[in-house]
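# Examining the three-dimensional arrangement
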Amino acid sequence: VFTDNQYKLGFLKNPKRFNVAITRAKSLLIVVGNPHILSQDHDWCQLLDWSVSKGCYTGCQYSRETDEDMDRLEARFRRLLVEDGEISRMTQLEEPAWRSGT
């Protein structure tokens, strides 16, 4: 959902496009996506919950994350971020391309 906002894809957070996506199927709807990402949107979360409750969800293990779960994940990811001050001067000199993003 963040990537959708960042790159302006428009179909993850847009309720009208969500409606079109799930109502056009005549006999079968297959959704390919990461349920942990999709569930961050209210409409997609409801569709996932409904699919699980009806037994028609297949794919990776999925259960709805609580706010506490998301806070724990965010804290773990933040610990993985490398701050400029944590990179040694030697690393900066040895790998300047890594720092410039090229």
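Everything below is about the structure shown above.
Below is a summary of the structure that appears in this document. (Residues numbered from 1 in each chain as written. Predicted model: local features only at pLDDT ≥ 70, side-chain atom pairs only at ≥ 80, totals over all residues. Heavy atoms only, no water.)

### Some thoughts on the overall build of the chain
Within the chain one finds seven helices and zero strands. Listing the helices and strands of the chain from first to last along the sequence gives α-α-α-α-α-α-α. Taken across its 102 residues, the chain has 15% of its residues classed as buried. Long-range contacts, defined as pairs at least 24 residues apart, comprise 37% of the intrachain contacts of the chain with a sequence gap of at least 6. Total accessible area on the chain is roughly 8600 Å²; 55% of this is exposed by carbon and sulfur atoms. (Helix = DSSP H or I, 4+ residues; strand = E, 2+ residues; numbered from the N terminus. Buried < 20%, exposed > 50% of the residue type's maximum accessible area, 1.4 Å probe, protein only. Contact = heavy atoms within 4.5 Å. Areas by Shrake-Rupley, 256 points an atom, 1.4 Å probe, with all protein chains shown as cover.)

### Focus: the packing of aromatic side chains
This model, assessed by the stated rule, comprises two aromatic pairs. Ring centres of Phe-18 and Trp-44 lie 4.8 Å apart, and the angle between their planes is 80°; on these two criteria the pair is classed as edge-to-face. Of this pair, Phe-18 sits in helix α2 (residues 15–23) while Trp-44 sits in helix α4 (residues 42–54), placing them 26 residues apart in sequence. Of the two residues, Phe-18 and Trp-44, neither departs from the other in class, the shared state being buried. Relative to Tyr-62, the ring of Tyr-57 lies with its centre 5.9 Å away and its plane at 45°, an arrangement referred to as tilted. Given the relative accessible area of 23%, Tyr-57 is considered partly exposed. (Phe/Tyr/Trp six-rings, centres within 6.5 Å; stacked < 30°, edge-to-face > 60°.)

### Here's the deal with the environment of Lys-13
Residue position: Lys-13 is located in the loop between α1 (2–7) and α2. Residue Lys-13 is classed as partly exposed on the basis of its relative accessible area of 40%. Taking C-alpha positions, Lys-13 is 6.6 Å from Asp-41, a pair spaced 28 residues apart along the chain.

### Some remarks on helix α5 (residues 67–80)
Since the α-helix turns once every 3.6 residues, residues separated by three or four places project in the same direction. End to end, α5 covers 20 Å across 14 residues, agreeing with the expected 20 Å (1.5 Å per residue, within 8%). With zero of 14 residues buried, α5 lies mostly on the surface of the structure. (Expected span 1.5 Å × (residues − 1).)

### Observations concerning the side chain of Ser-51
Tracing the backbone through its elements, the reader meets Ser-51 in helix α4. By relative accessible area, which is 13% here, Ser-51 ends up buried. For Ser-51, the side chain forms a polar contact with the main-chain oxygen of Leu-47, separated by 2.9 Å. Those residues in contact with Ser-51 that sit more than four places away from it in its chain are Cys-56 and Tyr-57. (Polar contact = N/O pair within 3.5 Å; in protein donor to acceptor, adjacent residues only side chain to side chain.)

### Quick look at the packing of α2 against α4
One way to put it is that α2 packs onto α4 with a least axis distance of 10 Å and a crossing angle of 30°. Taken together, the axes of α2 and α4 lie roughly parallel to each other. Note on element contacts: α4 touches α2 through Asp-43, Trp-44 and Leu-47, opposite Pro-15, Phe-18 and Ile-22. A breakdown of the residues in the contact of α2 with α4 according to their chemical character gives five nonpolar, no polar and one charged. (Axes fitted to C-alpha atoms, helices over the stretch in contact; angles between N-to-C directions. Parallel < 35°, antiparallel > 145°, perpendicular 65-115°, else oblique. Nonpolar A, V, L, I, M, F, W, Y, C, P; charged D, E, K, R; others polar.)

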